[in-house]
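Architecture and fold: a report
This is what each chain is made of:
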Amino acid sequence: MKPAMLREAERLLHSCAEAEDAVQDVFEVLWRNRVRIREKDNPEGLCMRAVKNRCLELLRQKTYEDLQEWMLVDDGTVQEAVEIRESQWAMLNEAIAALPQRQRMLVQKKYLEGRSIREISGETGLSQTNITTILSRASRHLKRNLNLEKYPRFRKLKNGRQ
């Protein structure tokens, strides 16, 4: 079963090292929850779904980290760096303001206020799946509106996948 899990993780992450880490993370979670996993469940399906979910989580984190890296400025004077960063934040705020109302609200709650999807779900009454879908669409709009396709790390991310 482990080779199939590794193949799926490598397919999604395009990195052997990251795939091995993802599969190891899944095994740790499964081991900690072994009592709650019943014998009548489909263990192969559970493992494969857990790997896929972990890989998608890693891809979302990578996208967020890439956006943070895009906002950083390493060269130039301090004043120039501050001006560039302020300009980037202004662009980001304009792009967020241009989102449809529901997407804008969820982006603000998730990324600016740092709330979890579970908290947002409880507050808004939307399902966690629905919130994830809306945030994914908002991410695509932001990438397109900020022209992030010209940056190498964002160019390879299409529709949330590498």
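Residue indices begin from 1 for each chain and proceed along its sequence in written order. With pLDDT at 70 or above as the cut-off, local features in this predicted model cover only qualifying residues; side-chain atom pairs require 80 or more to be listed or tallied, and sums for whole chains, interfaces and linings still use all residues. Values shown for side chains rest on all heavy atoms present in the structure; no hydrogens or waters enter the calculation.

1. Here we look at helix α2 (residues 16-32)
- Numbering of helices and strands runs from the N terminus; a helix is a DSSP stretch of H or I covering at least four residues, while a strand is a stretch of E covering at least two. Expected span, for any helix, means 1.5 Å times one less than how many residues it has. Its 17 residues place the ends of α2 24 Å apart at the C-alpha level, agreeing with the 24 Å of an ideal helix rising 1.5 Å per residue.
- The buried label goes to any residue with under 20% of its type's maximum accessible area, the exposed label to any with over 50%, and the partly exposed label to all in between, with areas taken from a 1.4 Å probe on protein chains only. Residues of α2 that are buried: A19, A22, V23, V26 and L30. Within α2, the buried residues cover an arc of 95° as seen down the axis, which keeps them to one side. Seen from the buried face of α2, the exposed residues on the opposite side, beyond 90 degrees, are W31 and R32. Regarding the arc, it is the one traced by the directions from the helix axis to the C-beta atoms.

2. Focus on the pattern of salt bridges
- By convention in these notes, a salt bridge is any Lys or Arg side-chain nitrogen within 4 Å of a carboxyl oxygen on Asp or Glu. For the structure shown, the criterion picks out six salt bridges.
- The residue R54 makes a salt bridge to D25 at a minimum N-O spacing of 2.9 Å. Here R54 is found in helix α3 (residues 43-71), whereas its partner D25 is found in helix α2, with 29 residues between them in sequence.
- The residue K109 makes a salt bridge to E123 at a minimum N-O spacing of 2.5 Å. Here the residue K109 occupies a position in helix α5 (residues 101-112), and E123 occupies one in helix α6 (residues 117-124), the gap between them amounting to 14 residues.
- We classify K109 as buried; its relative accessible area is 11%.
- What emerges from the salt-bridge pattern is a single network uniting K109, E113, R115 and E123.

3. A short note on the packing of aromatic side chains
- The pairing test for Phe, Tyr and Trp rings, Trp by its six-membered ring, is centres within 6.5 Å, and the orientation test on the planes gives stacked under 30 degrees, edge-to-face over 60, and tilted for anything in between. According to the stated counting rule, one finds zero aromatic pairs in the structure shown.
- A ring is considered to have a charge above it if a Lys NZ or an Arg CZ atom is located within 6 Å of its centre and within 35 degrees of its normal. The cationic tip of R34 hangs over the ring face of W31; the distance from NZ or CZ to the ring centre is 4.0 Å.

4. Concerning the packing of helix α1 (residues 2-13) against α2
- Fitted lines through C-alpha atoms serve as axes, helices being fitted only where they are in contact, and the angles separating the N-to-C directions of these axes extend from 0 to 180 degrees. Viewed as axis vectors pointing N to C, α1 and α2 meet at an angle of 130°, and their least axial separation amounts to 8 Å. One finds that α1 runs oblique with respect to α2. The chirality of how α1 crosses α2 is right-handed. Two secondary-structure elements touch here, α1 through K2, M5, L6, A9, E10 and L13 and α2 through C16, E18, A19, E20, A22, V23, V26 and F27.
- Throughout this entry, Asp, Glu, Lys and Arg are counted as charged residues, while Ala, Val, Leu, Ile, Met, Phe, Trp, Tyr, Cys and Pro are counted as nonpolar. The remaining residues, Gly among them, count as polar. A per-class count over the contact of α1 with α2 returns 10 nonpolar, no polar and four charged. For classification purposes, an angle smaller than 35 degrees is called roughly parallel, one larger than 145 roughly antiparallel, one from 65 to 115 roughly perpendicular, and anything else oblique. Definitions for this section: a left-handed crossing has its near helix turned counterclockwise from the far helix by less than a right angle. A right-handed crossing has that turn clockwise. The contact criterion used throughout is that any non-hydrogen atoms of two residues lie within 4.5 Å.

5. A word on the confidence of the model for the protein
- The predictor rates its confidence in each residue with pLDDT, a number between 0 and 100. On average, the protein scores 79 in pLDDT, and the residues at 70 or more come to 75%.
- Within the protein, α6 carries the highest mean pLDDT (92), whereas helix α8 (residues 152-155) carries the lowest (46).
- Ignoring residues within four places in sequence, the model shows residues 152-162, a span with pLDDT below 50, making 24 contacts including any to other chains.

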